[in-house]
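What the coordinates show
Now for the letters of each chain:
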Amino acid sequence: MAQQSGKPISEQISDAAASARDKAAETFEAAKQKAGELTGMAQEKGAEAQEHGGNLVEDAKGKATELQHRAGENFDQAKHSAQETLQGAKHRADEATRRGADATR
């Protein structure tokens, strides 16, 4: 290689190496900054997803509790209705028994 711009070849190589090192450092810093931005965005999205998922879990728990409560109410109503039906049947059986006993006297 011939000398360019009046500098010795070793100095030109040194300058080129320094320039390449500076460009690599700039590229590295830009990549590091971009990675930081992307990481921050990913963390925000992750937090949003976790919050949204947490809300869904809480909603599901609320619905399950509500359904459990309704099932309990329905069970109580069915139990009460069965008790009333049983009492009515006993009452009718008692009256029929009394009428039958009165008829035989």
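To keep things clear, this report deals only with the structure shown in the data block. The model shown is predicted, which means the values in this text are computed figures rather than measured ones.

What follows concerns the overall build of the protein chain. If you tally the helices and strands in the protein chain, you get 1 helix and 0 strands. Against the globule reference of 13 Å for 105 residues, the protein chain gives a C-alpha radius of gyration of 44 Å, more extended than a compact globule. Principal axes of the C-alpha set define a box for the protein chain whose edges measure 145 × 20 × 10 Å. Of the roughly 9200 Å² that the protein chain leaves accessible, carbon and sulfur atoms contribute 57%. Separation between the mean location of the 15 positive side-chain charges and that of the 18 negative ones in the protein chain comes to 9 Å.

Here the focus is the environment of aspartate 22. Relative to the helices and strands, aspartate 22 resides in helix H1 (residues 9-104). Note on aspartate 22: relative accessible area 46%, which makes it partly exposed. Considered as a pair, aspartate 22 and histidine 52 are 30 residues apart in the sequence and their alpha carbons are 45 Å apart.

Time to look at the pattern of salt bridges. Applying the stated criterion to the full structure yields 6 salt bridges. With a closest N to O distance of 2.7 Å, lysine 7 and aspartate 15 form a salt bridge.

Turning our eyes to something else, we now look at the side chain of glutamine 12. Inspection of the secondary structure assignment puts glutamine 12 in helix H1. A polar side-chain atom of glutamine 12 sits 2.9 Å from the main-chain carbonyl oxygen of lysine 7.

Parameters and conventions
Residues numbered from 1 in each chain as written. Predicted model: local features only at pLDDT ≥ 70, side-chain atom pairs only at ≥ 80, totals over all residues. Heavy atoms only, no water. Helix = DSSP H or I, 4+ residues; strand = E, 2+ residues; numbered from the N terminus. Rg over C-alpha atoms; globule rule 2.2 N^0.38 Å. Areas by Shrake-Rupley, 256 points an atom, 1.4 Å probe, with all protein chains shown as cover. Lys, Arg positive; Asp, Glu negative; His and termini not counted. Charge placed at Lys NZ, Arg CZ, Asp CG, Glu CD. Buried < 20%, exposed > 50% of the residue type's maximum accessible area, 1.4 Å probe, protein only. Salt bridge = Lys/Arg side-chain N within 4 Å of Asp/Glu carboxyl O. Polar contact = N/O pair within 3.5 Å; in protein donor to acceptor, adjacent residues only side chain to side chain.

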